[in-house]
Number of protein chains: 2
Amino acid sequence: MRKTEKLKAHSVEIAASTTAAKNGIVEWHRIVAESDWKNLPNLLAEDVVFHNPSSFEPHHGKGPMQVILPAVFSVLEKFEYHRHFGSQSGYVLEFSAQVGGEKVTGVDLIEFNDEGKIKNFVVMMRPAGVVLTLSAEVGKRIAAA
Amino acid sequence: MRKTEKLKAHSVEIAASTTAAKNGIVEWHRIVAESDWKNLPNLLAEDVVFHNPSSFEPHHGKGPMQVILPAVFSVLEKFEYHRHFGSQSGYVLEFSAQVGGEKVTGVDLIEFNDEGKIKNFVVMMRPAGVVLTLSAEVGKRIAAA
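As a starting point, this report considers the structure included with it. Small disclaimer: the values here were computed from a predicted structure and weren't measured.

Conventions we followed
Residues numbered from 1 in each chain as written. Chains lettered and ligands numbered in written order. Predicted model: local features only at pLDDT ≥ 70, side-chain atom pairs only at ≥ 80, totals over all residues. Heavy atoms only, no water. Contact = heavy atoms within 4.5 Å. Buried area = accessible area lost by both parts, 1.4 Å probe. Salt bridge = Lys/Arg side-chain N within 4 Å of Asp/Glu carboxyl O. Polar contact = N/O pair within 3.5 Å; in protein donor to acceptor, adjacent residues only side chain to side chain. Helix = DSSP H or I, 4+ residues; strand = E, 2+ residues; numbered from the N terminus. Buried < 20%, exposed > 50% of the residue type's maximum accessible area, 1.4 Å probe, protein only. Pairing = 2+ DSSP bridges.

1. Regarding the interface of chain B and chain A
The figure often quoted for interface size is the accessible area lost as the parts come together. Residue-level contacts link 51 residues of chain B with 51 residues of chain A. Between chain B and chain A, the buried area comes to about 4,300 Å², and carbon and sulfur atoms account for 68% of it. For the interface between chain B and chain A, the tally reads 4 salt bridges. Here R83 of chain B ties to E111 of chain A by a salt bridge, and the two come within 2.5 Å at their closest N and O atoms. Inspection of the region where chain B meets chain A yields 15 residue pairs in polar contact (both at pLDDT 80 or more). Listed by contribution, the elements that provide at least two residues to the side of chain B that touches chain A are α1 (3-8), α2 (19-34), β3 (77-86), β4 (90-99), β5 (102-112), β6 (118-126) and α4 (128-144) of chain B.

2. Some points on the pairing of β5 of chain B
Residues and elements named next belong to chain B. Counted residue by residue, β5 has 9 buried out of 11 residues, so it is predominantly covered. Note that β4 and β5 share 10 bridges and pair antiparallel. Residue L93 lies in a different strand from β5, and its bridge partner there is D108. Between the antiparallel neighbours β4 and β5 lie 2 residues, among them G100 with a positive phi of about 55 degrees. Here β5 runs beside β6; their pairing, made up of 8 bridges, is antiparallel. Bridge pairing links E111 to N120 in β6. Counted along the chain from β5 to the antiparallel partner β6, the turn is 5 residues long, and its residue G116 has a positive phi close to 80 degrees.

Written out as structure tokens, the structure is:
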């Protein structure tokens, strides 16, 4: 692909979010605010794909997210969402938190299917050093549980 | 803030991007596609703030971005933008790339001022281990330049 063709491929016109995606993100915020992890599976597509910040290969299916997300949120202190960005079928939510007193910022990239279920969930965080600390602590808590 | 109040604070209604932000992101895509780094300063606000993926503290002003971004793009191989998410004043651009043959994915969170100049630029990437490799290599190239 030539450079000019590549440039044209990126539309800057972002379509408004579907009702399914809006309902899905409202439910996600409710689950996080209330730590209602037992209802997370109802918000996930059967074939959901989860990408964590520390390893490239994703996790497939509901199982890994049900185990990993509660563990991550148990390690993160002072977790708060900030800016929101949207697309037709998804959202990017920016957050801040602390890990053992160290500040982190991150994003959740959440993609919904037509039923408003999460089909793809990517977490990215910075700085990278603290992400490795978080990852090690989450691993310990999952192993201990 | 109580949990229910916190929940209400997150609007899922994302306003359409301003013309200034649209023009800004088109120019950003042009600069990246053409590696036209000499024109980057024209797209930056004087008080732009840059947050890299490896250290928490941001860089202030045009100078650091003019040095760091060309160095980062010289290390990243097979760089390609993918999903775009928008807000009234900014965009999130998802990308994939390679660092020494290792795959990474990342996001640029780009916030524009009313003149369409970048006022805030956050880069997050995963996996964290490869981010540290990238950061070390960028540091070497900047020191050598």
